[in-house]
There are 2 protein chains.
Amino acid sequence: MKDDKQKIVTQPLSGFMELLPKEQIAFNEMFDTIRKTYENFGFIPLDTPVLERADVLLAKAGGETEKQIYRFMKGDTDIAMRFDLTVPLARYVAAHYGDVTFPFRRYAMGKVYRGERPQAGRFREFYQCDIDVIGDTTLDVRFDAEMPCVIDAIFCALGFDNFTIRINNRKIFNGLFAELGLHEQSTRIMQSIDRLEKIGRDAVENELRELGLSDDAVAQLLAFVCIGEGGSEVIARLQSLGITHPLFVEGVAELAEVIATIEQCGVSASHFAIDVTIARGLDYYTGTVYETRLDDYPEIGSVCSGGRYDDLASHYTNRTLPGVGISIGLTRLFDQLRKRDAVQIDKATPTRVLVLPMTEDCTPSLALATDLRSRGIATEVSFVTGKMKKRLGYADKLGIPYAIFVGEDEIETGRFTLKDLRSGEQIQLTAQDIIQKLTVEKDIDKKAICA
Amino acid sequence: MKDDKQKIVTQPLSGFMELLPKEQIAFNEMFDTIRKTYENFGFIPLDTPVLERADVLLAKAGGETEKQIYRFMKGDTDIAMRFDLTVPLARYVAAHYGDVTFPFRRYAMGKVYRGERPQAGRFREFYQCDIDVIGDTTLDVRFDAEMPCVIDAIFCALGFDNFTIRINNRKIFNGLFAELGLHEQSTRIMQSIDRLEKIGRDAVENELRELGLSDDAVAQLLAFVCIGEGGSEVIARLQSLGITHPLFVEGVAELAEVIATIEQCGVSASHFAIDVTIARGLDYYTGTVYETRLDDYPEIGSVCSGGRYDDLASHYTNRTLPGVGISIGLTRLFDQLRKRDAVQIDKATPTRVLVLPMTEDCTPSLALATDLRSRGIATEVSFVTGKMKKRLGYADKLGIPYAIFVGEDEIETGRFTLKDLRSGEQIQLTAQDIIQKLTVEKDIDKKAICA
C-alpha cells in the first residue's frame, strides 16, 4: 500500500451530510413531495447562484452571519456563499423587477452554507425549501393564510398526521409592548418569555421584575402569554383583554382573518393553533409568523417556519416589496427523522425489473428492457457474468422486486419467466402481459401515495 | 434615494447563469427529463457536498484545474469547491465501499464550480448531469454499450431527432501509436489530428512531418483517421488495415461488441456512429469514449461526453474500480439552445387554474381550489383585490390557461364558470365536471410528452 493513499481522508468534511443510496432515495422522495406541493399551489421555480458578491449577502446581515459565512477572494472579487434563499430572492427581485409578475409566487429548493461550529443536528451545508409571495407595494393578508395551507398539504403528503402549525402576529406583541410602555425593553422581555416552558412561570416573573417592570405590567404580560392555544376562540380571548393600542387591535384583526381563511381552506383543526408566544426573528418579521412542530417529536423544534415581512429588498431597491414566506430546513429535518426511525428507508434503487439474458445473443433481453422502459418501468439488464446465484444476489442486495429470465425456451415461445423476488413466485407471461401487470401495479402504488 | 442602495450591484457575478421564471421552468423540464431517464435505466441518486477538502479534490488534478478551482481557508481547513462530479464519486466509493452494491450505478445532478475567466458560453457555476457504472475489479464491456442507449433515450425525450453519438475506443489509437513506435509523441500527434477539420489534411500532414514522423507513418495515420464514420461496416475497415498490435486488436474487438449491443438495443442507426478521431481526455479514459453532437447545431460541440476508465479511485483506495460514465453539462447546453431559440419557452408558471372569488366569503373558492389540487391540478386562488380586469391581467401575463369565477349565482347553483383564457370560451360546469375535464386534458398532455 502506498503511503499517500493513506494520507487522504475520504470522509466528507465535518458538518456536511452525505447519505447512503437508500437514504438518498428516501431524502429525494421527501424533496420531490415538497416540490410537487409547491408547484400544485402555483409557485414558480427559481434557482439563483450559490456564490454572490459578499456585499450583496452582507448588506443586511448582522455580526453572527458575518462570522458564519463562507467568504473568500478570487482575483479582485470578494465572494461569499449564500447562507439562505431570502437574500438572493431580494437581490433577484430588485435586479429583474420588470420581468417579474406580481404577486410573485416563487419556490426555491437548494443548498445554503453556514460555516458555524458543527453541533449535533446542525449542518454547514443544508437544503432549504422555501416559498415566498412578494407583492408590489401591497399584499393582501389572505396570502398569509395560504402558507399554513401549503404546510398542511406538505406534512400530510409526507405521511404525518400529528403536527401543529403555530400561528401568531408580531403586531400583537408589539402593540402590547407599546400599550405597556415597554418598547425599549422588548427584546429582553421576549427572551425571558421565550424561556417560559423551560424555566417556569415564577422564574420568568422574577426576571421581568429584575428588568424593572411593574407588578401590573408583569401581570398583564403573563395574562397575555398564558392565554392558551387554539383556533378562533383565542381571538375572542385576545379581544377581551382590554388592550386598545391600534397595533394590537390591527394584529388581532389580521390574525382573525388568517385563522378564518385557514378554516375555510379545510385544514384540520388539529393541525393549526394560535400561539401568542411564538415570535420568530425579532427584526425581520413584521406581521404573521409561523412555526410547525411534529407533535410526536417536539424535541426537534420547528420543522417549517416563516412569516410576513414589510419590505423584502430595501437594501437593493427603493420599491416597497412586502412578502410572506415559509422555509423547510430539509437536511436537518431528514437527519432528525432518520435518527428516530421516522422515515421510511426501504428502496436501494429505482429499478423495478432486472432482465437476465441467458443466451449469448442479448437482443431479446435488450428489446424487452427497451419496451419496459418506454412504459416508465425502470429496468436494468444484467451484464454481470457468472453463476445465476451471483447475478440474482445483486438484485437481492438492492431489493429489486422482479427478475425476468430470458433463455432459449423463453425466446422460442415468446413467454418470459417473471419472478417476484420477494415472494419467490414465478409465472410465464408474454412481454405484453408483463408490461400490463407492472403498469397496473405502478398505478396502484401511485394512488397509495396520493391517498 | 439613499446612496447606499445605488452602490450594491444586483446583477449576479459574471459567469453565473440566472434565469427568468419562464426560462427556469424550461430548464427544469430538461433537468427532470434527464433525471427521469437516468432512473428509468436503474441509476441510483447520489448527492455529495459541494465543498470538499482541497487535498481530496486536488489529489489527481493537474495545473489547469488548480488554477481554476475555488479554494479557501476556513479556520484551519483548506477547502475547495468541487469542479466535477467524478472526483467526489471516487472519494464516495472509497469511503463507503462496504455499503455500496457493485456494479454501482449512480446518477448525480448538481452544481460544480470552475473559477476560470468567463468566456462566451462558459460558466463558473454549472450543472453537470452524470451517470457512471462502477465495477469491483472488473466491469463487462457491455456496460459501455448501455451509455449510448441512455444518451439516445435522453435526447429523444428532449425532442431532438438529429443527433449523433460518436463512439471510439482509446485502445485503437494507443495500439496504432504502439505499432508505429510513436507512443511518446502521441499527445502532440493527437492535438494535430484534432485540428483536421479546422486546418485541413495537408496542413496536418505537414505538422506531423515536422514532428519527425516518416512519410510511411504519416500515410498510415491519415489512412486510419480518414477511415470514415458509420456502424459495423467501419469495424471491417479497421480490421482490414493490417495493424496487428494486440492493443489495437483488443480495441477493435471491444468497439465491435459495443456497436453490436447498441444495435441490439434498437438505437436508430442515424443516432450513432463510430468516429475514430474522437479521443477525449488523453489520460483519464482508457477504452470506449463518447461524444454527442446535435447535427443541426454542430458549432455547439459535444453536448454529452464520457468514456471508460480503468481505475476510478486510485488516489483514495487500493481497490481496482473500473468504470464507465457520461456527463451532460446542462447549464451550457441550455444556454446554447436558448440562444438559438431551440428550447421551448412557453410556461411562466406551473399554475393551470386561477380561481377568482367574487363574494366576501371565500369558502367556496378555497374548497374548490383544495379539490383541484387534490387531483394534482395546480391551482391558485386570486387574493388580489381590485377590478376583474386587473385580476385577470395577472393570469394573462403568466399564461395561466383557465380561470374559474365563483360568484353568488355560481355558489347557489353549484355550477361554476370555467373560462379558457386562450380561446375566451366560457362554460358552466359543476366542480366534478371541471376536475374531470382538466384531468383528461392533463393526461393527454402527459401522453403527448411521452410519445
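Higher on the page you've got the structure.
Predicted model, so just to flag it, every value in this text is computed and none were measured.

## Regarding the packing of aromatic side chains
At step 1: Under the defined criterion, the tally for this structure stands at 32 aromatic pairs over all chains.
At step 2: Relative to F224 of chain A, the ring of F173 of chain A has its centre 5.5 Å away and its plane inclined at 70 degrees; by these criteria the two rings are edge-to-face. You can see F173 of chain A sitting in helix α7 (residues 170-180) and its partner F224 of chain A sitting in helix α11 (residues 215-225), a full 51 residues away along the chain.
At step 3: According to the relative accessible area criterion, F173 of chain A is buried, its value standing at 1%.
At step 4: According to the relative accessible area criterion, F224 of chain A is buried, its value standing at 0%.
At step 5: Put simply, the rings of F27, F31, Y127 and F334 of chain A touch in pairs and so form one group of aromatic residues.
At step 6: Across the ring face of Y70 of chain B, the terminal group of K74 of chain A is positioned such that the distance to the ring centre comes to 5.5 Å.
At step 7: Between R105 of chain A and the ring centre of F43 of chain A, over which it is positioned, the NZ or CZ distance is 4.4 Å.

## Considerations on the pattern of salt bridges
At step 1: Following the criterion strictly, the structure yields 60 salt bridges over all chains and no others.
At step 2: Close ionic contact of E18 of chain B with R91 of chain A constitutes a salt bridge, the shortest N to O distance being 2.6 Å. With E18 of chain B in the loop between α1 (3-7) and α2 (21-40) and R91 of chain A in helix α5 (residues 86-95), the pair connects residues from two separate chains. Take E18 of chain B and R91 of chain A: they sit in the same class, and that class is buried.
At step 3: For D275 of chain B, the salt bridge goes to R166 of chain B, with nearest N and O atoms at 3.0 Å. One end of the pair, D275 of chain B, is in the loop between β8 (272-274) and β9 (288-294); the other, R166 of chain B, is in strand β7 (residues 163-169), with 109 residues separating them in the sequence.
At step 4: Judged by its relative accessible area of 5%, D275 of chain B falls in the buried class.

## Brief notes about the environment of K60 of chain A
Residues and elements named next belong to chain A.
At step 1: For K60, the location among the structural elements is in the loop between α3 (54-57) and α4 (63-68).
At step 2: Residues K60 and H315, spaced 255 residues apart in sequence, show a C-alpha to C-alpha distance of 7.0 Å.
At step 3: In contact with K60, not counting residues within four places along its chain, are Y284, D311, L312 and H315.

## A closer look at the interface of chain B and chain A
At step 1: At the junction of the two partners, chain B supplies 98 residues and chain A supplies 98 residues.
At step 2: Together chain B and chain A conceal approximately 8,600 Å² of surface at their shared face, both sides included; 58% is due to carbon and sulfur atoms.
At step 3: At the surface where chain B touches chain A, the tally comes to eight salt bridges.
At step 4: The interface formed by chain B and chain A includes 40 residue pairs in polar contact (both at pLDDT 80 or more).
At step 5: Considering each element in turn, the side of chain B that touches chain A owes the most residues, eight residues, to α2 of chain B.
At step 6: Looking at side-chain class alone, the side of chain B that touches chain A contains 49 nonpolar, 25 polar and 24 charged residues.

## Things to note about the relation of the copies chain B and chain A
At step 1: Structural alignment of chain B on chain A gives an RMSD of 0.1 Å, achieved by rotating through 180 degrees and translating 0.0 Å along the axis. A rotation of that kind, with that shift, is consistent with a two-fold axis. Rotation axis and chain B: the residue whose C-alpha lies nearest the axis is F72 of chain B, separated from it by 3.1 Å.
At step 2: Of the interface residues in chain B, 100% have counterparts in chain A that sit at the interface too, so the contact is made through matching surfaces.

## Thoughts on unusual backbone geometry
All names here are of chain A.
At step 1: F102 connects to P103 through a cis peptide bond whose omega is -5 degrees.
At step 2: Among the structural elements, P103 can be located in the loop between α5 and β5 (104-113).
At step 3: You will see that T137, though not glycine, has its phi angle at about 75 degrees, which is positive.
At step 4: When you line up the elements, T137 lands in the loop between β6 (125-134) and α6 (142-157).
At step 5: In the Ramachandran plot, D341 falls in the positive-phi region, its phi being about 55 degrees despite a non-glycine side chain.
At step 6: Relative to the assigned elements, D341 resides in the loop between α14 (330-339) and β12 (353-357).

## Regarding the environment of L89 of chain A
Residues and elements named next belong to chain A.
At step 1: Structurally, L89 is set in helix α5.
At step 2: Of the residues examined, L89 reaches a relative accessible area of 1% and is grouped as buried.
At step 3: When the C-alpha atoms of L89 and V225 are compared, they prove to be 34 Å apart, with 136 residues separating the residues in sequence.

## Description of empty space enclosed by the protein
At step 1: Summed over the entire model, instances satisfying the criterion amount to ten cavities of 30 Å³ or more.
At step 2: Every residue lining the largest cavity is counted, 38 residues in all, and those nearest its centre are F31, M109 and Y127 of chain A together with F31 and Y127 of chain B.
At step 3: In terms of residue class, the lining of the largest cavity is made up of 21 nonpolar, seven polar and ten charged.

## What about the sheet that holds strand β16 (residues 426-430) of chain A?
All names here are of chain A.
At step 1: Here we have five strands laid out as an open sheet, ordered β13-β12-β14-β15-β16, and mixed in their pairing. Of all the strands in the sheet, just β13 (379-381) and β16 have a single pairing partner and so form its edges. Here the strands of the sheet are splayed against their neighbours by 25 degrees on average, with no regard to which way each runs.
At step 2: Bridge analysis of strand β14 (residues 402-406) against strand β15 (residues 415-420) gives four bridges, and the strand direction is antiparallel. The residue bridging Y402 from the neighbouring strand is D420, located in β15.
At step 3: On the sheet, helix α15 (residues 363-374) packs against β12, β13, β14 and β15 and is oriented at approximately 170 degrees with respect to β13.
At step 4: Strand contacts of helix α16 (residues 388-398): β12, β13 and β14, with the helix running at about 165 degrees to β12, the strand carrying the most contacts.

## As for the packing of helix α7 (residues 170-180) of chain B against helix α13 (residues 246-264) of chain B
All names here are of chain B.
At step 1: In the contact formed by α7 and α13, the axes pass within 7 Å of each other and the chain directions differ by 160 degrees. Of the possible angle classes, the one that applies to α7 and α13 is roughly antiparallel. Crossing geometry of α7 relative to α13 is assigned as left-handed. Facing K171, I172, N174, G175 and L176 of α7, the residues of α13 in contact are L247, F248, E250, G251, V252, E254 and L255.

## Structural notes on the pairing of strand β11 (residues 323-329) of chain A
All names here are of chain A.
At step 1: Buried residues dominate β11, accounting for five of its seven residues.
At step 2: By the bridge criterion, seven bridges tie β6 to β11 in an arrangement that is antiparallel. Paired with I131 across the two strands is I326, which belongs to β11.

## Structural notes on the pairing of strand β11 (residues 323-329) of chain B
All names here are of chain B.
At step 1: The element β11 is largely enclosed, with a buried count of six among its seven residues.
At step 2: Alignment of strand β10 (residues 305-309) against β11, held across five bridges, turns out to be antiparallel. From the neighbouring strand, Y309 faces β11, where its bridge partner is G323.

## Focus: helix α8 (residues 186-194) of chain A
All names here are of chain A.
At step 1: All of the buried residues in α8 are S186, I189, M190, S192 and I193. Down the axis of α8, the buried side of the element spans an arc of 160 degrees, and every buried residue falls inside it. The exposed residues of α8 that point more than 90 degrees off its buried face are R188 and D194.

## Focus: the side chain of R35 of chain A
At step 1: With respect to the helices, strands and loops of the structure, R35 of chain A is situated in helix α2 (residues 21-40).
At step 2: Relative accessible area serves as the criterion here: at 16%, R35 of chain A is assigned to the buried category.
At step 3: At 3.1 Å, the side chain of R35 of chain A and the side chain of Y107 of chain A are in polar contact.
At step 4: Excluding its chain neighbours within four sequence positions, the residues that come into contact with R35 of chain A are Y107 and M109 of chain A together with N28 and D32 of chain B.

## As for the sheet that holds strand β2 (residues 51-53) of chain A
Residues and elements named next belong to chain A.
At step 1: Overall, antiparallel pairing links the three strands, which are arranged β2-β4-β3 in an open sheet. The strands lining the two open edges of the sheet, one partner per strand, are β2 and β3 (71-74). Going across the sheet, the axis of each strand differs from the next one's by a mean of 40 degrees, ignoring polarity.

Criteria and thresholds
Residues numbered from 1 in each chain as written. Chains lettered and ligands numbered in written order. Predicted model: local features only at pLDDT ≥ 70, side-chain atom pairs only at ≥ 80, totals over all residues. Heavy atoms only, no water. Phe/Tyr/Trp six-rings, centres within 6.5 Å; stacked < 30°, edge-to-face > 60°. Helix = DSSP H or I, 4+ residues; strand = E, 2+ residues; numbered from the N terminus. Buried < 20%, exposed > 50% of the residue type's maximum accessible area, 1.4 Å probe, protein only. Lys NZ or Arg CZ within 6 Å of the ring centre and 35° of its normal. Salt bridge = Lys/Arg side-chain N within 4 Å of Asp/Glu carboxyl O. Contact = heavy atoms within 4.5 Å. Buried area = accessible area lost by both parts, 1.4 Å probe. Polar contact = N/O pair within 3.5 Å; in protein donor to acceptor, adjacent residues only side chain to side chain. Nonpolar A, V, L, I, M, F, W, Y, C, P; charged D, E, K, R; others polar. Least-squares fit on C-alpha atoms with pLDDT ≥ 70 in both. 1 Å grid on protein atoms, 1.4 Å probe; cavity = no way out; pocket = protein on both sides within 12 Å on 5 of 7 lines; lining within 4 Å. Points joined across faces, edges and corners; volume = space filled by probe spheres on them. Pairing = 2+ DSSP bridges. Axes fitted to C-alpha atoms, helices over the stretch in contact; angles between N-to-C directions. Parallel < 35°, antiparallel > 145°, perpendicular 65-115°, else oblique. Left-handed = near helix turned anticlockwise from the far one by under 90°. Arc of directions from axis to C-beta.

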